[in-house]
Amino acid sequence: MHILLTFDVELSPDFHWRHPDRLRDNVQRSYYGGGAGRWGLEDQLKLLSNYGLKAVFFVEALSACVTGPEQLLDVCALIRRYNQDIQLHTHPEWLELRAGNQEKPSRLMADLSEAQQSDAIAVGLSNLAAAGCKNIIAHRAGGFGANFDTLR
């Protein structure tokens, strides 16, 4: 039997939409285990390392279009420090937030045309490349919101 361990690593677009001025809180809650600082990303990485396990970390990369590249750079560096695999994860609502949409974003990849999905994936790949990530061969659509256009 083969078991593939995967983790989603992402900032909350909903939290950002409600509290755009609280990026630090979003980062702490999403990446580092909240106020208690336990069971965050580094805790998971240490646990995997302690048992000699490898995993795939699907890192959401479109948030960097809104929050800036620093958090993406930091989180990717942390994952690479533990020699784990990084792959692409996308929540296209970040592109709506970047565009200044005032309505609550709720779009999934499946809500986009094939061309828009292709563009979102290209932006995500570019952001990961700028964060030093190489050999990206897998993609996970946020909210399990893929369709056949996503697969193409």
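Attention here is on the structure that accompanies the text. Residue positions are given per chain, counted from 1 along the sequence in the order it is written. In keeping with the model being predicted, local features are shown solely for residues with a pLDDT of at least 70 and side-chain atom pairs are shown and tallied solely at 80 or more, while totals for entire chains, interfaces and linings include all residues. Only hydrogens and water are removed before side-chain values are computed, so all heavy atoms of the structure are retained for them.

So, a nonpolar patch on the surface
Patches here: salt-bridge-free residues with over 30% relative accessible area, like charges joined within 9 Å, nonpolar side chains (Val, Leu, Ile, Met, Phe, Trp, Tyr) joined within 5 Å. Note that accessible areas follow from Shrake-Rupley with a 1.4 Å probe, and for residues the cover is restricted to the protein chains shown. When a carboxyl oxygen of Asp or Glu lies within 4 Å of a side-chain nitrogen of Lys or Arg, that pair is called a salt bridge. Where nonpolar side chains cluster on the molecular surface, the patch consists of W39, L47, Y51 and L53 and spans about 500 Å² of accessible area. Between buried and exposed lies partly exposed: a residue is buried under 20% and exposed over 50% of the maximum accessible area for its type, with that area taken using a 1.4 Å probe on protein chains only. According to the relative accessible area criterion, Y51 is exposed, its value standing at 62%.

Examining the side chain of T150
Under the DSSP-based scheme used, a helix requires at least four consecutive residues in state H or I and a strand at least two consecutive residues in state E, with every element numbered from the N terminus. Tracing the chain through its elements places T150 in helix α8 (residues 148–151). With relative accessibility at 13%, the residue T150 sits in the buried group. Apart from the residues lying within four places of it in its own chain, the contact partners of T150 are M109, Q117, H139 and A141. Residue contacts follow a heavy-atom distance rule, with two residues in contact if any of their heavy atoms lie within 4.5 Å.

Observations concerning the sheet that holds strand β2 (residues 56–60)
Here the rule is simple: two strands pair whenever DSSP picks up at least two bridges between them. Pairing is parallel in the open sheet, where 4 strands are placed in the order β1-β2-β3-β4. In this open sheet, the two edge strands, each paired with only one partner strand, are β1 (6–9) and β4 (139–141). If you compare each strand with its neighbour and ignore which way they point, the axes differ by 30° on average. Pairing of β2 with strand β3 (residues 85–90) involves 5 bridges; the strand directions are parallel. What sits directly across from V59, in β3, is L88. Where helix α7 (residues 114–130) meets the sheet, its contacts fall on β2, β3 and β4, and the angle it forms with β3 comes to roughly 145°. Helix axes use the C-alpha atoms of the stretch in contact, all axes being lines fitted to C-alpha atoms, and the angles between their N-to-C directions lie in the range 0 to 180 degrees.

Notes on helix α3 (residues 41–50)
If you check which residues of α3 are buried, you get L41, D43, L45 and L48. Residues of α3 that are buried sit in contact with β1, α2 (23–31), β2 and α5 (70–81). Following α3 by one or two positions, G52 has its phi on the positive side, about 65°.

Considering the packing of aromatic side chains
Two aromatic rings from Phe, Tyr or Trp, using only the six-membered ring of Trp, form a pair when their centres are within 6.5 Å; if the ring planes differ by under 30 degrees the pair is stacked, by over 60 it is edge-to-face, and anything between is tilted. Per the counting criterion, the structure on display carries 2 aromatic pairs. When the centroid spacing of 4.8 Å and the interplanar angle of 10° are considered together, the rings of F7 and F57 count as stacked. One end of the pair, F7, is in strand β1; the other, F57, is in strand β2, and 50 residues separate them in sequence. With relative accessibility at 0%, the residue F57 sits in the buried group.

Focus: the environment of Q84
Here Q84 lies in the loop between α5 and β3. Overall, Q84 belongs to the buried group, its relative accessible area being 9%. C-alpha of Q84 to C-alpha of A55: the two residues are 29 residues apart in sequence and 6.1 Å apart in space. Ignoring sequence-local partners within four residues, the contact set of Q84 consists of L45, L48, L53, K54, A55, F57 and I79. Among the polar contacts made by the side chain of Q84, one reaches the main-chain amide nitrogen of A55 at a distance of 2.7 Å. Contacts described as polar in this section are N or O atom pairs within 3.5 Å, which, within protein, must combine one atom able to donate a hydrogen with one able to accept it, while residues neighboring in sequence count only if both atoms come from side chains.

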